[in-house]
Amino acid sequence: MTWNFCPQCATPLKMLSAEEDGGLKERLRCPACGFTHWNNPTPVLAAIIEYRGQVLLARNAAWPGKMFALITGFMEAGETPQDGIRREVKEETDLDITALDLVGIYDFQRMNQVIIAYHVVAEGQVRLSPELADWRLYGLHQLKCWPAGTGYALADWLRSRGREPVFFTPEENAARRRGLAH
Ligand SMILES: [Zn+2]
């Protein structure tokens, strides 16, 4: 998101350095009231869902093509990451988590996000939220990782299961985004 005006006093923001950064780094600041747009990354929760012995991936209704991916969602105020991933998985799939463990923390700089990735074991009957169009179960040997963010989480988890991860090539990735392949 691009900020043009100060949310406190509506003055146009400018790239300015300040003493608190040692004067070294320019940030979007308000020259009138001193407001700083820090632009810190946003925490996002991601779940590698183990369901009936396979991995559940889902396709977002807003995505073009046939991209299936991990369940993700923004962390909310007043919850722990563990509570957040339980909530997201319940909201998106209606499944209940019976076990969870942290896979790792990953940067996703293109979206200015930090991804907190969990492996979860889930049970129940899948009922997708309206945000999701479809879901599929994959065996470990069928999973491919995209070379960014959640893909690195999936890759690390596969390694922890003794499998060398396979990544989509840039060409495959581009084709998937255009909906030509999956
Ligand atoms: Zn201002």
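The model shown is predicted, which means the values in this text are computed figures rather than measured ones.

Attention now moves to the sheet that holds strand β2 (residues 26-29). Taken together, three strands build an open sheet; the order of strands is β1-β2-β3 and the sheet is antiparallel. Two strands lie at the open edges of the sheet, namely β1 (14-17) and β3 (36-37), each paired on one side alone. For β2 and β3, the ladder comprises two bridges, and the chain directions are antiparallel. Directly across from Leu28, in β3, lies its bridge partner His37.

End to end, helix α2 (residues 149-160) covers 17 Å across 12 residues, agreeing with the expected 16 Å (1.5 Å per residue, within 8%). Looking only at α2, the buried set comprises Gly149, Thr150, Gly151, Tyr152, Ala153, Leu154, Ala155 and Trp157. Looking at the buried side of α2, the elements it contacts are β4 (42-51), β6 (71-74), β7 (96-108), β8 (113-123), β10 (144-145) and β11 (166-167). Where α2 ends, the next residue or the one after it, Gly162, has phi of about 80°, a positive value.

Turning our attention to the nonpolar core. In this structure, Ala47, Ile48, Ile49, Val89, Ala117 and Ala153 are the most contacted members of the largest nonpolar core, which totals 31 residues. Setting aside chain neighbours within four positions, we find Ala117 in contact with Ala46, Ile48, Val103, Gly104, Tyr106, Thr150 and Ala153.

Both β4 and β8 contribute to a ladder of nine bridges, which runs parallel. Following the sheet pairing, Ile49 is matched in β8 by Val120. Looking at chain direction, β7 and β8 are connected through 11 bridges and run antiparallel. Counted as the bridge partner of Leu100 is Val120 from β8. Hairpin connection of β7 to β8: four residues between the antiparallel strands, including Asn112 at a positive phi of 55°.

Let's shift gears to helix α1 (residues 81-93). Along its 13 residues, α1 runs 18 Å from first to last C-alpha, staying within 8% of the 18 Å computed at 1.5 Å per residue. Gly84, Ile85, Arg86, Glu88, Val89, Glu92 and Thr93 are the residues of α1 that are buried. Just downstream of α1 lies Asp94, where phi reads positive at about 70°.

Another aspect to go through is the environment of Leu158. Take Leu158: it is sitting in helix α2. With 19 C-beta atoms counted inside 10 Å, the residue Leu158 sits in the partly exposed group. Each C-alpha atom, one on Leu158 and one on Cys145, is 9.7 Å from the other, the two residues being 13 residues apart in sequence. Leave out the neighbours within four places in its chain, and Leu158 touches Leu140, Leu143, Arg163 and Pro165.

The next thing to look at is the environment of Glu92. Looking at where Glu92 falls in the secondary structure, it is placed in helix α1. Put simply, Glu92 and Ser129 are 37 residues apart on the chain and 4.9 Å apart in space, counted from C-alpha to C-alpha. Excluding residues within four positions of it along the chain, Glu92 makes contact with Ala58, Ile71, Leu128, Ser129, Glu131 and Leu132.

How each quantity is defined
- Residues numbered from 1 in each chain as written.
- Predicted model: local features only at pLDDT ≥ 70, side-chain atom pairs only at ≥ 80, totals over all residues.
- Pairing = 2+ DSSP bridges.
- Helix = DSSP H or I, 4+ residues; strand = E, 2+ residues; numbered from the N terminus.
- Expected span 1.5 Å × (residues − 1).
- Buried ≥ 20, exposed ≤ 12 C-beta atoms within 10 Å, placed from the backbone.
- Contact = placed C-beta atoms within 7 Å.
- Core = buried A, V, L, I, M, F, W, Y, C linked by C-beta atoms within 7 Å.

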